[in-house]
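# Commentary on secondary and tertiary structure
So you can see what is in the structure, the chains are spelled out below.
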Amino acid sequence: MTPDQTTPVQTPPAGRPQLRQWELTVTAVADAPANMRRVTFTAPDIAEFTYRAGQAIVMMLPAGDGEFGRRDYTIRSLDKEKGLLDVDFFMHGDGTHLTPGPAFARDAKIGDKISVRGPRGGASFREDADWHLITGDECCIPAIFHILETMPAKAQMHVLIEVDNVASQIALNDVREGLSATQITWLHRGDQKAGPSDLMAEAVAGFMLPHGRGHAILIGETSNVRKQRQNLISRGLTREQIASEGYWRPGRIGGHDHVED
Ligand SMILES: Cc1cc2nc3c(=O)[nH]c(=O)nc-3n(C[C@H](O)[C@H](O)[C@H](O)COP(=O)(O)OP(=O)(O)OC[C@H]3O[C@@H](n4cnc5c(N)ncnc54)[C@H](O)[C@@H]3O)c2cc1C
């Protein structure tokens, strides 16, 4: 599971800055609620890693037959004093055939090494907004919770998270005074398969826009993100007030979708 120094990390499209490469070493692996596997990494130069809550790293994960595939994963937390960076992998799928992300998280062992690039991504908290809306499904919980745990205590945050049922809800540790002002609404898809649906779009359509200038972070399955974005734009939010990114979609392998229409 140790890529050598020539591990291919794809270069970004022309015009985009090359992301810095980091060589991470696994220091711990554990189950995390609700259906996550948390892998903790370190690196000799980790103290130089700076990012905004909600940003991600692009990991080169073993994809079988000696190949490596790019997968985007959020920085769940970074403890600079201890030099430890956590990533939470959502164990999607039925467990019979694990895709590279969950397979890496299941099999990772202390001492494994992996190449990543980053940080990247614009779905992060904007200090200057009067209110914030953030939506996503299970694989967005690492981003959402990291933002909630690090945002200013006075921030007016409205959170909508889609999961299958109540057992997949995660408690927000009230580690900081003021976080109780955060409103988290959990949406249950029940027996429906995760993926394209109207569940989140309808919840966003029913969300009463608070007074003041807001900022929305819309992440999750690409077509669901697009519907939410179009609804908010139809209600007067400008494109600058919305950060939207497709984190996955049925049939796509790794990568991310910019949702800008
Ligand atoms: C910026 C960014 C940050 C992200 N952060 C995280 C994170 O912190 N934790 C996390 O778990 N994921 C995160 N994701 C999502 C993750 O990158 C994708 O789910 C990715 O496809 C996982 O790789 P894989 O090897 O499991 O599946 P792939 O090999 O990429 O995909 C195989 C198939 O699995 C299905 N699939 C993929 N993802 C999901 C899913 N989430 N739910 C249901 N079916 C799926 C699709 O049908 C896909 O075609 C993030 C994505 C982005 C763009």
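Residues numbered from 1 in each chain as written. Predicted model: local features only at pLDDT ≥ 70, side-chain atom pairs only at ≥ 80, totals over all residues. Heavy atoms only, no water.

## Concerning the domain arrangement of the protein chain
Looking at the protein chain, the domain boundaries give domain 1 (21-120) and domain 2 (131-258). Each of domain 1 and domain 2 has a C-alpha centre, and these two points are 22 Å apart. Of the residues lining the interface, 16 residues belong to domain 1; the matching set on domain 2 comes to 20 residues. With both chains or domains summed, domain 1 and domain 2 bury close to 1,400 Å², and 59% of this area falls on carbon and sulfur atoms. At the junction of domain 1 with domain 2, the criterion picks out 2 salt bridges. The set of elements that each furnish at least two residues to the side of domain 1 that touches domain 2 consists of β4 (68-74) and β6 (84-90). A per-element tally of the side of domain 1 that touches domain 2 places β4 first, with 4 residues. For the side of domain 1 that touches domain 2, the class distribution of residues is 7 nonpolar, 3 polar and 6 charged. (Domains from an automatic or database assignment. Contact = heavy atoms within 4.5 Å. Buried area = accessible area lost by both parts, 1.4 Å probe. Salt bridge = Lys/Arg side-chain N within 4 Å of Asp/Glu carboxyl O. Helix = DSSP H or I, 4+ residues; strand = E, 2+ residues; numbered from the N terminus. Nonpolar A, V, L, I, M, F, W, Y, C, P; charged D, E, K, R; others polar.)

## Brief notes about helix α2 (residues 141-150)
Extensive coverage of α2 is indicated by the burial of 8 of its 10 residues. Among all positions in α2, only I141, P142, A143, I144, F145, H146, I147 and L148 are buried. (Buried < 20%, exposed > 50% of the residue type's maximum accessible area, 1.4 Å probe, protein only.)

## Things to note about the site of the ligand
Looking at the ligand, there are 27 residues lining it, with D72, H92, T99, R252 and G254 nearest. One of the backbone nitrogen or oxygen atoms of D72 is found 2.7 Å away from an oxygen atom of the ligand. Its free accessible area being 910 Å², the ligand has 91% of it covered by the protein chains. Among the elements that take part in the shell around the ligand, β4 stands out by supplying 4 residues, more than any other. Here the shell around the ligand is built from residues that sort into 12 nonpolar, 8 polar and 7 charged. Three or more residues apiece are contributed to the shell around the ligand by two domains, here domain 1 (21-120) and domain 2 (131-258). (Near = heavy atom within 4 Å. Polar contact = N/O pair within 3.5 Å; in protein donor to acceptor, adjacent residues only side chain to side chain. Areas by Shrake-Rupley, 256 points an atom, 1.4 Å probe, with all protein chains shown as cover.)

## A closer look at the pairing of strand β1 (residues 21-32)
By the bridge criterion, 5 bridges tie β1 to strand β7 (residues 113-120) in an arrangement that is antiparallel. Considered in β7, the bridge of Q21 is made with R117. Remark: 3 residues form the turn of the hairpin made by β1 and strand β2 (residues 36-42), two consecutive strands paired antiparallel. (Pairing = 2+ DSSP bridges.)

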